[in-house]
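Listed below are the residues making up each chain.
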Amino acid sequence: MNSYRPQPRRRNRGANLRDEKTDIIEVDIPIAVHISSHRRFATMLYPVAQRIDKGLDKAGHIAAVDHAVQIHVAGEQVVGSFNYARGTFSYSEYLLIRERPDHSGRHVLSMSAKLGFLGNDAPIYEHFFAGGYSTMRGFDFRGASPVVDGVEVGGEFQWLNSVQYLFPVTADDMLYGVLFTDFGTVEQKAKVNDFRVVVGTGLRITVPAMGPAPIALDFGWAINRADFDDTEVFSFSLGFTR
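Residues numbered from 1 in each chain as written. Predicted model: local features only at pLDDT ≥ 70, side-chain atom pairs only at ≥ 80, totals over all residues. Heavy atoms only, no water.

**Side note on the overall build of the protein**
The test is simple: The helix and strand labels rest on DSSP assignments: H or I over at least four residues marks a helix, E over at least two residues marks a strand, and numbering proceeds from the N terminus. Burial classes follow relative accessibility: with a 1.4 Å probe on protein chains only, a residue under 20% of its type's maximum area counts as buried, one over 50% as exposed, and anything between as partly exposed. Throughout, a contact is declared for two residues whenever any of their heavy atoms are within 4.5 Å. Computed by Shrake-Rupley with a 1.4 Å probe, the accessible areas treat only the displayed protein chains as cover when residues are assessed.
Scanning the protein from N- to C-terminus turns up 1 helix and 14 strands. Counting across all 242 residues of the protein, residues that qualify as buried make up 40%. Intrachain contacts of the protein at a sequence separation of at least 6 include 59% that bridge at least 24 residues. Carbon and sulfur atoms make up 57% of the accessible area of the protein, which totals about 13000 Å².

**Details of the packing of aromatic side chains**
The cut-off we apply is this: In this scheme Phe, Tyr and Trp rings, the latter by its six-membered ring, pair at centre separations within 6.5 Å, and the angle between planes marks the pair as stacked below 30 degrees, edge-to-face above 60, and tilted otherwise.
Evaluated as defined, the whole model comprises 5 aromatic pairs. Between the aromatic rings of Tyr165 and Phe167, the centroid separation amounts to 6.1 Å while the plane-to-plane angle is 25°, which identifies the pairing as stacked. Under the relative-accessibility criterion, Tyr165 is labelled partly exposed at 25%. Looking at Phe167, the relative accessible area reads 24%, which means it is partly exposed. Considering the side-chain rings of Phe219 and Phe234, the 5.2 Å spacing of their centres and the 50° angle between planes classify their relative orientation as tilted.

**Concerning the side chain of Arg196**
Threshold: For the purposes of these results, a polar contact is taken to be a pair of N or O atoms within 3.5 Å, where, inside protein, one atom must be able to donate a hydrogen and its partner to accept one; residues adjacent in sequence count only when each atom of the pair is a side-chain atom.
By the element assignment, Arg196 lies in strand 12 (residues 196-205). A relative accessible area of 0% places Arg196 in the buried class. At 3.1 Å, the side chain of Arg196 forms a polar contact with the side chain of Thr185. Among the polar contacts made by the side chain of Arg196, one reaches the side chain of Asp229 at a distance of 2.8 Å.

**Describing the pairing of strand 5 (residues 67-80)**
The criterion, for reference: Note on pairing: DSSP must find at least two bridges between two strands before they are called paired.
As paired elements, strand 5 and strand 6 (residues 84-98) share 12 bridges and run antiparallel to each other. Considered in strand 6, the bridge of Ala74 is made with Thr88. The hairpin turn running from strand 5 into strand 6, its antiparallel successor, is 3 residues long.

**Looking at the pairing of strand 11 (residues 175-187)**
Note that strand 10 (residues 157-168) and strand 11 share 12 bridges and pair antiparallel. Opposite Ser162, over in strand 11, you have Asp182 as the bridge partner. In this antiparallel pair of consecutive strands, strand 10 and strand 11, the connection spans 6 residues, and Asp173 shows a positive phi of 65°. Two strands pair when backbone bridges link them, and strand 11 and strand 12 are joined in this way by 10 bridges, in the antiparallel orientation. Note that in strand 12 the partner of Asp182 across the bridge is Val198.

**Details of the layout of surface pockets**
To keep things clear, this is the line we draw: In this analysis a 1.4 Å probe is tested at points of a 1 Å grid over the protein atoms alone, and where it fits but cannot get out there is a cavity; an open set with protein on both sides within 12 Å along at least five of seven lines is a pocket; lining residues have an atom within 4 Å of a point. Grid points are joined across faces, edges and corners, and a volume is the space filled by probe spheres set on the points. Just so you know the grouping, Ala, Val, Leu, Ile, Met, Phe, Trp, Tyr, Cys and Pro go in nonpolar, Asp, Glu, Lys and Arg go in charged, and all remaining residues, Gly too, go in polar.
Taken as a whole, the second largest pocket holds about 280 Å³ of empty space. Forming the boundary of the second largest pocket are 16 residues, of which Arg86, Thr88, Lys114, Phe128 and Gln158 lie nearest the centre. Breaking the lining of the second largest pocket down by element, the ones donating at least two residues are strand 6, strand 7 (107-118) and strand 10. For the lining of the second largest pocket, a count of residues per class yields 6 nonpolar, 6 polar and 4 charged.

So, in structure tokens, the structure goes:
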């Protein structure tokens, strides 16, 4: 975590046009019947995004600095068999609490937030979902998402947040511990009905033969959830950050 030099703030803007065709086959769940007739269609997307990075290296990794911020804003309009808008905002901040004189043994507090909106004509496979290591630990994959007729259908609104404290366990930085809370929701509409909260702890294990990205082992417990949610205490991934 201390192999990069501080980088200046940078801003990136972009726009592109994309043409897609999606085929839906072998639909076997009732909630998806209404989209099975649209098996062949093309959509045109016009995204406009702005990204502001401070304290990140050129590959987007956290640099060895006291403070790092990453902001990403994106919007797109989809036209074709389905017509809807999509907007997303994400914010991540990393704050160095303390470290050893040689810049090892770093204690880092990280905070992140994701906000997303979809138009009401979006098909089910474009919906937001939550649950799993990358969105909300303590739940099974997509297990913290709206359910209709026993099917996880996702939603048109997401608000996901995380606060995590990273600290060294061994002097050689091969083993780190984390304390975290993930909280937020995914809803069918832009209204908070089922707010989820998870608290947990975990380990980050660096294996030299596998490169600098550590093995991430997390244990999360949902202390607030919806009745239909699917929980899962243990999650596994690679990397210091999510």
